[in-house]
Every structure is written in structure tokens, then in C-alpha cells.
Amino acid sequence: MVGIVASVAGFGIVFGLTARGAGFSIVETVAFSTIVFAGSAQFAAAGMVAAGFAWPQIVLLTGLINARHLLYSAALVPWLRRRPRPERAAMAHVLTDEAFALSLVHFHRLGFADRPGYWLAAIGGVFVPWNLATLAGYLGGQAVADPVTLGLDVVFPAAMAGLAVGLVTGRREVVALVTGVSIALAAALTVDPWVGIAAGGVLGPAIGLLMPRR
Amino acid sequence: MSLELVGLALLMLAVTYPARAIPLLAPRFERLPPLALDYLRLVGPAVLGAIAVSDVLVGAGADSRPVLVVGWESVAVALCAALVAWRRNLALGLLVAVALIAVLRAVGIA
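Quantities reported herein were computed from a predicted structural model and do not represent experimental measurements.

Engineer: Where do I start with the overall build of chain B in this structure?
Structural biologist: Along the backbone of chain B there are 5 helices and 2 strands. Along chain B, helices (α) and strands (β) appear in the sequence α-α-α-β-β-α-α when read from the amino end. Its C-alpha atoms give chain B principal-axis dimensions of about 55 × 50 × 30 Å. Counting only residues that meet the buried cut, chain B has 45% of its 110 residues in that class. Pairs at least 24 residues apart make up 21% of the contacts formed inside chain B by residues separated by at least 6 positions. Counting every atom, chain B has about 5,600 Å² of accessible surface; 68% of that belongs to carbon and sulfur.

Structure (C-alpha cells):
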């Protein structure tokens, strides 16, 4: 989880800087990181605000970028469906790429849904570092070394790849992973990376199901 | 101090939260057939792998169209995945991947 925290913090600082550069006030910047709490959409929105796009266009793009969360939420249903509804409602707000990946691998490892583990991953691993780093970036990000120079931009894709491999326990998972990756790459190159993620995430498991368990 | 963009943040929440919450909260999802549960268990590796390749292998071309990008970053990510498969240790994989890229960038290769 340390690597994820470092990556989240590094890019939180960059978001704080970006938002300041785009003309956000400090309250608006903090509001983005606490209320929206979705890094890719926040970066896209900050750029679009700076470029003078209309709000409906920004909101539409946000919806498209964040549609992948449907898959995460659905994939956590088998684990969290017995938790009280208000708790699941709160869990949903902090469901990010990183929180999903960390908690799902943790649940698989344990064989059951570990409630404190979810909150630790989502709040301790992502929400708190992202928001503190956003604030730090806004207030003094110029003084911090560029996370790209430090190689921290590789942490996110490397963590996603590593966590994906960590979830492979049988033939079905291998097929879901390989086909999901292949479909995602093809769709990302021909349409858009966000479409690729959705296509790979939906079709990979469907093809994986066609395989016998053993 | 401007607060105008807080309204935009709320609108962005309005399109983000449903995607995060609907499956977790909809009663239909609480009673899923075994086939659906099997399917959902396969979503994790597929979607995380899809995120990784989309992040590291796809960039924006001159006309903003997606293009295939194969660089040292892809090697570092593949190395991390291989180390996790071999040693079952994500921290080790991340450390090696970041160190490789940091060193290559420091010497001006990556």
C-alpha cells in the first residue's frame, strides 16, 4: 500500500498545482478532491475549465471517464452485499481504481470481505493522501520535486498490472486477464482509452467464463 | 474567494456517484445467480489489466488520436507484473519498476 500512497500523494500535489494554475480557489480545489474524488476526471476538468469549456461538456466527460466505476462496484457486490446499506453507500463514495484494486486483492487473499481493510485502503491509502497532497500542491507544490522525474508515474500502471496478476488463481482468471487486456488495447487504440477499459473489463470476464474451471 | 466551481464539483459528483453506488446498493445485485457471481469475480483481473495497458501503452498522437506507445515505462510495468507472478510481492515489483524508470530518466535514457 505504501507504493500506492506515494503515487496518490505525488499526483495529488500535481493536481493541486494544476488547479491553481487553472484559476481554482483553494476551496474549489479542495471541493474537487473531496466531493468528486476521481483523479482522472479532476485533471480533465481542470484542463477544460482553464480552456473555457462549458460545464455540461465537462460533466459529460466526467460521466464517461467514471463509468468504469460501475464495474468496480459490481465486482465488489459478491463481497460487500451483506454489509448494511448505509455503509455500502458510504463505501461507494470512496471507490476509486486504487481502493478497488487493493481491497479486492485483500478480500481474495483472506477469502472474505474485510470491512476495516476496505476502509483502510480507501481512506488511509487514497482519500487522505489525495486530499492532503492536493492541499499541499495548491499551497506550495512548486517546491516539491516532479513525481515524473522520480518515476512515480509508473507506480499506478505497475500497481494495476501487479494487482491484476495477483488476482489470477486459475485458468478462468488467466483468460479473463489476457482477453481483457487485448480487447482494452485494441479498443483504446481505435476508439479511446476509457472505452478500452470498459470493453476489456466487460468482455474479458465473459470470455473467461467460457473456460472450464480446471 | 471564488466558490463557483464547487457547483461544478457537485455536478461531477452527480454523474460519478451513481456509477460507484448503483450495483452496491441496488437490491437486484444482492441476490445474484451463481453465474453472475462467477462473472463478477473475473472482472477484477480483466479491468485492472485493462487499466494498466491503457495507461502505459496508449498515448496521444499529434492529432490527439490514441497511439501505441512502447517505452521503458512498459518494460517497467511488465517487470512489475512478472515479479508479482513470480514472488507474489507487489512492493518488490513496484520498487523495481520505479527504481528502473528513475535511474533511466536520471541518465537521460527514458
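Alright, that's what it looks like, and here's the rest.
Engineer: Any chance you could explain the interface of chain B and chain A here in plain terms?
Structural biologist: How big an interface is tends to be reported as the loss of accessible area on association of its parts. Contact residues are listed per partner, giving 67 residues for chain B and 90 residues for chain A. Carbon and sulfur atoms supply 76% of the area that chain B and chain A bury against each other, a total of about 6,800 Å² over both sides. Applying the counting criterion to the chain B and chain A interface returns 2 salt bridges. There are 18 residue pairs in polar contact (both at pLDDT 80 or more) connecting chain B and chain A.

Engineer: I would appreciate a short explanation of the side chain of B:Asp38 in the present structure.
Structural biologist: Inspection of the secondary structure puts B:Asp38 in helix H3 (residues 34–57). In contact with B:Asp38, not counting residues within four places along its chain, are A:Arg172, A:Leu209 and A:Arg213.

Engineer: How should the pattern of salt bridges be read in this particular structure?
Structural biologist: As a working rule, side chains carrying opposite charge can pair if their charged atoms are close by. According to the stated counting rule, one finds 7 salt bridges over all chains in the structure shown. Across the pair B:Arg105 and A:Asp153 runs a salt bridge whose closest N-O atoms are separated by 2.7 Å. Taken together, the positions of B:Arg105 in helix H5 (residues 90–106) and A:Asp153 in the loop between helix H8 (115–140) and helix H9 (155–166) put the pair across two chains. Exposure remark for B:Arg105: the relative accessible area of 18% places this residue in the buried category. Across the salt bridge formed by B:Asp63 and B:Arg65, the nearest N and O atoms sit 3.9 Å from each other. Overlapping salt bridges bring together A:Arg83, A:Glu87 and A:Arg115 as one network.

Engineer: Can you walk me through H5(B) in this structure?
Structural biologist: Each turn of an α-helix holds 3.6 residues, which means side chains three or four residues apart point in the same direction. Counted at 1.5 Å a residue, the expected span for H5(B) with its 17 residues is 24 Å, and the 24 Å between its end C-alpha atoms agrees. On its buried side, H5(B) packs onto helix H1 (2–21) and H9 of chain A together with helix H4 (72–87) of chain B. One or two residues past the end of H5(B) sits B:Gly108, with phi positive at roughly 85°.

Engineer: Teacher, can you tell me more about the nonpolar core here?
Structural biologist: In globular proteins that are soluble, nonpolar side chains generally tend to be buried together. A:Phe32, A:Leu76, A:Phe100 and B:Leu48 are the most contacted members of the largest nonpolar core, which totals 93 residues. Looking at which element gives the most residues to this core, the answer is H3(B), with 14 residues. Setting aside its immediate chain neighbours within four residues, A:Phe100 contacts A:Tyr72, A:Ala75, A:Leu76, A:Leu95, B:Gly44, B:Val47 and B:Leu48.

Engineer: Help me understand helix H2 (residues 26–36) of chain A in this model?
Structural biologist: Buried within H2(A) we find A:Glu28, A:Thr29, A:Ala31, A:Phe32, A:Ser33, A:Ile35 and A:Val36. Against H1, helix H3 (39–51), helix H6 (85–93) and H8 of chain A together with helix H1 (4–25) of chain B lie the buried residues of H2(A). Positive backbone phi, approximately 50°, marks A:Phe37, located one or two places after H2(A).

Engineer: When you look at the packing of H1(A) against H3(A) in this model, what are you seeing that I'm missing?
Structural biologist: Geometrically, a packed helix pair is captured by the angle between its two axes and the distance between the axes. Residues and elements named next belong to chain A. At their nearest, the axes of H1 and H3 sit 10 Å apart, and the two run at 20° to each other. Between H1 and H3, the angle is such that the two are roughly parallel. For H1 against H3, the interelement crossing comes out left-handed. Residue-level inspection shows Phe11, Val14, Phe15 and Thr18 of H1 in contact with H3, the latter providing Gln42, Phe43 and Ala46. Among the residues making up the contact of H1 with H3, the classes are represented as 5 nonpolar, 2 polar and no charged.

Engineer: Where do I start with the packing of helix H11 (residues 193–209) of chain A against H3(B) in this structure?
Structural biologist: H3(B) packs onto H11(A) with a crossing angle of 140° between their chain directions and a minimal axis gap of 7 Å. With respect to their mutual orientation, H11(A) and H3(B) come out oblique. Judged by the sense of rotation from one axis to the other, the crossing of H11(A) with H3(B) is right-handed. Residues A:Pro193, A:Gly196, A:Ile197, A:Gly200, A:Gly201, A:Val202, A:Gly204, A:Pro205, A:Ala206, A:Gly208 and A:Leu209 of H11(A) touch H3(B), and the partners they reach there are B:Leu35, B:Asp38, B:Tyr39, B:Leu42, B:Val43, B:Ala46, B:Val47, B:Ala50, B:Ile51 and B:Ser54. Taken together, the residues of the contact of H11(A) with H3(B) break down into 14 nonpolar, 6 polar and 1 charged.

What counts and how
Residues numbered from 1 in each chain as written. Chains lettered and ligands numbered in written order. Predicted model: local features only at pLDDT ≥ 70, side-chain atom pairs only at ≥ 80, totals over all residues. Heavy atoms only, no water. Helix = DSSP H or I, 4+ residues; strand = E, 2+ residues; numbered from the N terminus. Buried < 20%, exposed > 50% of the residue type's maximum accessible area, 1.4 Å probe, protein only. Contact = heavy atoms within 4.5 Å. Areas by Shrake-Rupley, 256 points an atom, 1.4 Å probe, with all protein chains shown as cover. Buried area = accessible area lost by both parts, 1.4 Å probe. Salt bridge = Lys/Arg side-chain N within 4 Å of Asp/Glu carboxyl O. Polar contact = N/O pair within 3.5 Å; in protein donor to acceptor, adjacent residues only side chain to side chain. Expected span 1.5 Å × (residues − 1). Core = buried A, V, L, I, M, F, W, Y, C linked by side-chain atoms within 4.5 Å. Axes fitted to C-alpha atoms, helices over the stretch in contact; angles between N-to-C directions. Parallel < 35°, antiparallel > 145°, perpendicular 65-115°, else oblique. Left-handed = near helix turned anticlockwise from the far one by under 90°. Nonpolar A, V, L, I, M, F, W, Y, C, P; charged D, E, K, R; others polar.

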